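Results of the structural survey
So you can see what is in the structure, the chains are spelled out below.
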Amino acid sequence: MSTISKSTVEHVAVLCSLTLSEKEKERLESMLSETVDFIGVLEELDTNSVPETYQVIGTTNVFQKSDRVSVSLDRKEALSNAAKIKNGKFVTGAVFDR
Amino acid sequence: MKQNIGSKKELLGDYGLVLGIEIHLHVKTQMKMFCGCSNTDLFDAEPNTRVCPVCLGMPGALPVPNKEAVEKTQLLGLALSCEINKHSYFDRKHYFYPDLPKGFQISQYKEPLCKGGIVRLQSGNGILLERIHLEEDTAKSFHEGEETFLDFNKSGVPLIEMVTKPMIYSVGDALEFGREIQEIVRHLGVGDANMEKGQFRVEPNISLRSPLEEKEQKIPEYKVEVKNINSFKFMEKAILSEIKRQKEILDAGKIPIQENRGYDEAKGKTVPQRSKEEAHDYRYFPEPDIPPMKFTSSYIEDLKKELPKLPGEIKKRLISKYDLGQHEADVLYNEELIELFEETGNLIQDYKKVANLLVNRPEHRDKTPEELLSYIAKEKSRIDDSEALQPIIDTVIEENKRIADQVRDGKEEAIEFLIGQVMKKTRGKAAPKTVRELLSEKLTA
C-alpha cells in the first residue's frame, strides 16, 4: 500500500504549480511513497528522550557585520540567467493571482 | 479627528462591524534584511540594480539577518507595550509565485520577535495586538498583457508585519489606529511609512455580524481581507464599499465567501483576488540556515532606555502644560514646530498666542524664535482699540472735511486717503482694518 495517496500528489502539484498527466501522477505516487517509506526507517528509533531541533551547532545571534553595505550585482550579471528580459526586468508568463 | 462617515445605522443597518487590521511596513535600515545590498533610496533606483544572489533567491546563497532591523522591530514592540520574546527565530513560509523565486519567504511563525501589545485610541478603546514579526519583502511584479515583469530591488527589504485582534468596531477607529501606528513608526525612525511608495500597507479584515452574534461577542465565521490600499482615504472608501457589498449578501440570506479582495481605485470598490490558502499549505518550518536569536533581560532593558517619548505623550504634555486644544497639539507635533513653539513661548510667556500664530499662520513657521518674538512685539504695539483710535479719527475728519464729504456722498475710494492720514498720525501702528471700520461707521451711517 502506498504511503502517499493520489490526492496528496495532486495537492502538492497544485502548490508547486505543476501540471501532471494521469500517468505522471501514478508514477509519482509510487516514487514519493518509496521515498517517504525509506525515510520512515527512522521511525524505528526511539526518540522520546531526544528534543526536536533544526540546528545542531548551537550558535545564536549571528547577524550581518554592521555598516558594511556590499556592492550589488551589476544588472547585466543579475539578469544573465533570465530566459527573457525587457527594460531591465525579468519577464515571465502572465501570472494572475490564483 | 472627526470623520464624516455617515450614520452607523444608515451604513450598517442592524449589523455590527468587526475589523482586524494587518499592517506591513518597510524598516528603514542601511542594508536589506538578509544580505548586504543597500536599502536606501530604493524607490528611485533603476530596476534590478540593488540585487545579489541572496535577494534574487539563488540556490546556495546564505541569508544572514540584519541586527538593525531586529532592533527596530523590538523598539516598535516596546513602544506598543508588546512582550519582547527572549527566544525567537525565523521560519520558511512556502508558496509558489514569481516574486519569490526561492519558493519560500523567510518570515516568523512560532516565535515572533514581539507578542501581544496594545494601542490606545482617543475614544479610550484599547486595540490589542496579536504579534509583531519580521520578514523579507518580495520582488515587485508588473502585469502587462501576456507577460509579468519583475524588479527585485524591493526583494529582501526588511518588512514588519503587525496583526491586531479582530476588535475594531468602527471605521473611525480603524483609520485612527492606522494613523497612530504610522505616526509612531515615523517618530521612532523605524520607517518612513509612505503609503504611496508601498512602505506602509494597511490590510483590513472585514466582516459583519448579526445583532445576536454581537450580543454573544461572537466573531463571524468569515472574513474578507482587502489589499492594495495606498492611502487612508482609500482605506476608508474600501471599508465602506466592502460593508455595502457584504450587507447585500447577508440581506439575501447568504454568507460572503472568505477571500482576499483588492481595492480598485478606478471602480471605487473591491474586486476578488486569489483565494486564501490554508495556513498548513504554507508548510512552515524553522529556517535551518539562520541560527536562533536569544535576547537577555538586560539587552531588553537597555533597548527600553532608547525609547523616546511617544507622540501621544508629547501631545498630552502640550495640552496639559500649555492649555492647548487637541488640534493645536496635533499641528505643533506633526509639523515639528514644538521647539519653536516652546522657545518662543518661553520668551514672551504667552504660549496660547504663539500656538495660535503657528497653527493658523503657516507663513511664520520658518522663523527663528527671535524673529517670531519681534513679530509678535510689533503686533502688540499695534493700536487696535477703538477708544484710542476714535479721537485720532475725529481729528483726521476735522482736518479733511472736503474728503470726508466725498465719502459721505458715496465716493468709497476716498476713504483710502483718510485711512492713510490716520496711519500717518499713528506712525503706522493703527490696525488698518479697525480704522476702516470706524471711519465708515462714522461717515456712512
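The helix and strand inventory of chain B stands at 15 helices and 17 strands. The buried share among the 445 residues of chain B stands at 49%. Residue pairs at least 24 apart in sequence account for 67% of intrachain contacts in chain B once pairs closer than 6 positions are excluded. Accessible surface, chain B as shown: approximately 22000 Å² in total, 49% of it carbon and sulfur. With 67 positive and 76 negative side-chain charges, chain B shows a separation of 2 Å between the mean positions of the two kinds.

With that settled, the discussion passes to the interface of chain B and chain A. At the interface, 51 residues of chain B touch 38 residues of chain A. Here chain B and chain A share an interface that buries about 3800 Å² over both sides, 59% of which is from carbon and sulfur atoms. Between chain B and chain A we count one salt bridge in total. A:Lys84 serves as the salt-bridge partner of B:Glu147, at 2.2 Å between the closest nitrogen and oxygen. Where chain B meets chain A, there are 15 residue pairs in polar contact (both at pLDDT 80 or more). Looking at the side of chain B that touches chain A, the elements that each hand over two or more residues are helix 2 (67-79), strand 9 (140-144), strand 10 (147-151) and strand 17 (293-294) of chain B. No other element matches the four residues that strand 10 of chain B contributes to the side of chain B that touches chain A. Split into classes, the residues belonging to the side of chain B that touches chain A amount to 28 nonpolar, 11 polar and 12 charged. Note that strand 2 (residues 89-93) of chain A and strand 10 of chain B share four bridges and pair antiparallel.

A few words on the packing of aromatic side chains. All names here are of chain B. This structure, assessed with the given rule, holds 12 aromatic pairs over all chains. Between phenylalanine 34 and phenylalanine 90, the aromatic rings sit 5.2 Å apart at their centres with planes inclined by 85°, giving edge-to-face as the arrangement. Placement of the pair is phenylalanine 34 in the loop between strand 1 (16-26) and helix 2 and phenylalanine 90 in the loop between strand 3 (87-88) and strand 4 (91-94), with a sequence separation of 56 residues. Each member of the pair, phenylalanine 34 as well as phenylalanine 90, is classed as buried. Pairing tyrosine 109 with tyrosine 284 gives two aromatic rings, centres 3.7 Å apart and planes at 5°, and the pair type is stacked. Taken together, the residues tyrosine 109 in the loop between strand 5 (104-107) and strand 6 (114-115) and tyrosine 284 in the loop between strand 15 (269-272) and strand 16 (285-286) connect sequence positions 175 residues apart. Residue tyrosine 109 is classed as partly exposed on the basis of its relative accessible area, which comes to 35%. One aromatic cluster is present, built from ring pairs that chain together Tyr95, Tyr109, Tyr282 and Tyr284. Between lysine 102 and the ring centre of phenylalanine 104, over which it is positioned, the NZ or CZ distance is 5.2 Å.

This brings us to the nonpolar core. All names here are of chain B. Residues Leu76, Leu80 and Phe177 are the most contacted members of the largest nonpolar core, which totals 68 residues. For this core, the leading source of residues is helix 3 (residues 171-188), giving eight residues. For leucine 76, the contacting residues outside a window of four places in its chain are Leu25, Ile160, Met162, Ile184, Val185, Leu188 and Val190. Leu332, Leu337, Leu340 and Ala355 belong to the second-largest nonpolar core, a separate cluster that totals 19 residues.

Attention now moves to the sheet that holds strand 5 of chain B. Residues and elements named next belong to chain B. Strand order in this open sheet of three strands is 5-4-16, and the pairing throughout is antiparallel. Two strands in the sheet have a free side with no partner beyond their single neighbour: strand 5 and strand 16. Where strand 4 and strand 16 come together, two bridges link them in antiparallel fashion. Along strand 16, the bridge assignment pairs aspartate 91 with proline 286.

Let us look at the environment of B:Lys425. Residues and elements named next belong to chain B. In this fold, lysine 425 is placed in helix 14 (residues 414-425). Along the backbone, lysine 425 and threonine 395 are 30 residues apart, and their C-alpha atoms lie at a distance of 9.8 Å. In contact with lysine 425, not counting residues within four places along its chain, are Ile392, Thr395, Val396 and Glu399.

All names here are of chain B. Together, Glu379, Asp384, Asp385, Glu387, Glu437 and Glu441 make up a negatively charged patch on the protein surface. Within the secondary structure layout, glutamate 441 lies in helix 15 (residues 432-444). Overall, glutamate 441 belongs to the exposed group, its relative accessible area being 54%.

Let us now look at the pairing of strand 11 (residues 158-164) of chain B. All names here are of chain B. Counting buried residues in strand 11 gives seven out of seven residues, a clear majority hidden from the surface. Where burial is concerned, the two faces of strand 11 agree: the one with Pro158, Ile160, Met162 and Thr164 and the one with Leu159, Glu161 and Val163 are both buried. Examined bridge by bridge, strand 1 and strand 11 share five bridges and lie antiparallel to one another. Bridged to histidine 24 within strand 11 is glutamate 161. With seven bridges connecting them, strand 8 (residues 126-136) and strand 11 associate as antiparallel partners. Each bridged residue has a counterpart across the sheet, and for glutamate 136 the counterpart in strand 11 is proline 158.

The rules we used
- Residues numbered from 1 in each chain as written.
- Chains lettered and ligands numbered in written order.
- Predicted model: local features only at pLDDT ≥ 70, side-chain atom pairs only at ≥ 80, totals over all residues.
- Heavy atoms only, no water.
- Helix = DSSP H or I, 4+ residues; strand = E, 2+ residues; numbered from the N terminus.
- Buried < 20%, exposed > 50% of the residue type's maximum accessible area, 1.4 Å probe, protein only.
- Contact = heavy atoms within 4.5 Å.
- Areas by Shrake-Rupley, 256 points an atom, 1.4 Å probe, with all protein chains shown as cover.
- Lys, Arg positive; Asp, Glu negative; His and termini not counted.
- Charge placed at Lys NZ, Arg CZ, Asp CG, Glu CD.
- Buried area = accessible area lost by both parts, 1.4 Å probe.
- Salt bridge = Lys/Arg side-chain N within 4 Å of Asp/Glu carboxyl O.
- Polar contact = N/O pair within 3.5 Å; in protein donor to acceptor, adjacent residues only side chain to side chain.
- Nonpolar A, V, L, I, M, F, W, Y, C, P; charged D, E, K, R; others polar.
- Pairing = 2+ DSSP bridges.
- Phe/Tyr/Trp six-rings, centres within 6.5 Å; stacked < 30°, edge-to-face > 60°.
- Lys NZ or Arg CZ within 6 Å of the ring centre and 35° of its normal.
- Core = buried A, V, L, I, M, F, W, Y, C linked by side-chain atoms within 4.5 Å.
- Patch = residues over 30% accessible without salt bridge, like charges linked within 9 Å, V, L, I, M, F, W, Y side chains within 5 Å.

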